[in-house]
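Tertiary structure, described
Listed below, chain by chain, are the residues.
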Amino acid sequence: PAVGTILTANSTAQLGTVVIDGQGYTLYRSDKDSSQPSTSNCDQECTRQWPPVLATPGSPLTVEGVDQQAVGTIARADGTVQLTLGGWPIYRFSGDTQPGATGGQGVDGAWAAVTPEGKKASPLD
């Protein structure tokens, strides 16, 4: 397996192009967070359902089909470093049990799969 953190653009039938991690899991952003400044409002209980995508200091970040300039990081309250896309903190969804699943789309009216630009994916007609 590749070392470090991997973000890759992935085309889906339902949502168009979204970003996945190195294991093929869809990544998400929340309307409850903020992009300017980058702020995560998902902690404690929230992170059980929505684990933050963390950067591993000193390890490489590989991006494919994602603008390297759009990728950033923020420091979380627990001292870990979370990746951001277009300023938005990004997460996995614990309910996605297999790679390619997009079960987090639309959860609580606040969560959406993230596009390579950091925007919210929306269902294709």
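The notes below deal with the structure included here. Predicted model, so just to flag it, every value in this text is computed and none were measured. (Residues numbered from 1 in each chain as written. Predicted model: local features only at pLDDT ≥ 70, side-chain atom pairs only at ≥ 80, totals over all residues. Heavy atoms only, no water.)

Some thoughts on the overall build of the protein
Secondary structure assignment for the protein yields one helix and 10 strands. Across the protein, helices and strands are ordered from the amino to the carboxyl terminus as β-β-β-β-β-α-β-β-β-β-β. Taken against the 2.2 N^0.38 rule, which gives 14 Å for 125 residues, the C-alpha radius of gyration of the protein at 13 Å falls within 12% of a compact globule. Expressed as a percentage of its 125 residues, the buried residues of the protein come to 42%. Considering only intrachain contacts with a sequence separation of at least 6, the fraction spanning at least 24 residues in the protein is 67%. Taken as a whole, the protein presents about 6,500 Å² of accessible surface, with 49% of it coming from carbon and sulfur. (Helix = DSSP H or I, 4+ residues; strand = E, 2+ residues; numbered from the N terminus. Rg over C-alpha atoms; globule rule 2.2 N^0.38 Å. Buried < 20%, exposed > 50% of the residue type's maximum accessible area, 1.4 Å probe, protein only. Contact = heavy atoms within 4.5 Å. Areas by Shrake-Rupley, 256 points an atom, 1.4 Å probe, with all protein chains shown as cover.)

As for the environment of F93
Within the secondary structure, F93 is located in the loop between β9 (88–89) and β10 (111–113). Measuring from C-alpha to C-alpha, the distance between F93 and N41 comes to 15 Å, with 52 residues separating the pair along the chain. If we skip the residues at most four places from it in the chain, F93 touches Y28, Q49, W50, P51, G103, G104 and V107.

Comments concerning the sheet that holds strand β6 (residues 61–64)
Here three strands make up an open sheet; going across it, the order is β2-β1-β6 and the pairing mixed. Only two strands of the sheet have a single neighbouring strand rather than two, namely β2 (16–20) and β6. Ignoring strand direction, the axes of neighbouring strands in this sheet form an average angle of 20°. Judged from the four bridges that link them, strand β1 (residues 5–12) and β6 form a sheet pairing that is parallel. Within β6, the residue paired with T8 across the bridge is E64. (Pairing = 2+ DSSP bridges. Axes fitted to C-alpha atoms, helices over the stretch in contact; angles between N-to-C directions.)

Digging into the packing of aromatic side chains
Two measures describe an aromatic ring pair: the distance that separates the ring centres and the angle between the ring planes. Per the counting criterion, the structure on display carries five aromatic pairs. Aromatic side chains Y28 and W50 sit 5.5 Å apart centroid to centroid with 75° between the ring planes, which places their arrangement in the edge-to-face category. With a gap of 22 residues between them, Y28 in strand β3 (residues 28–30) and W50 in the loop between α1 (45–49) and β6 connect regions that are remote in the sequence. As far as burial versus exposure is concerned, Y28 and W50 are alike and both buried. (Phe/Tyr/Trp six-rings, centres within 6.5 Å; stacked < 30°, edge-to-face > 60°.)

Focus: the pattern of salt bridges
A complete count under the given rule lists three salt bridges for this structure. The closest approach of N and O atoms between D31 and K120, which form a salt bridge, is 3.1 Å. Placement of D31 in the loop between β3 and β4 (34–35) and of K120 in the segment after β10 is noted, with a sequence separation of 89 residues between them. On the accessibility criterion, D31 (33% relative accessible area) is partly exposed. (Salt bridge = Lys/Arg side-chain N within 4 Å of Asp/Glu carboxyl O.)

Structural notes on the nonpolar core
Note on soluble globular proteins: their nonpolar side chains tend to be buried together. Grouped together as the largest cluster of nonpolar side chains are 12 residues: L15, V18, Y28, C42, W50, Y91, F93, V107, A110, W111, A113 and A121. With residues up to four places along the chain from it excluded, the contact list for V18 reads T8, A9, N10, T12, T26, A113, V114, T115 and A121. (Core = buried A, V, L, I, M, F, W, Y, C linked by side-chain atoms within 4.5 Å.)

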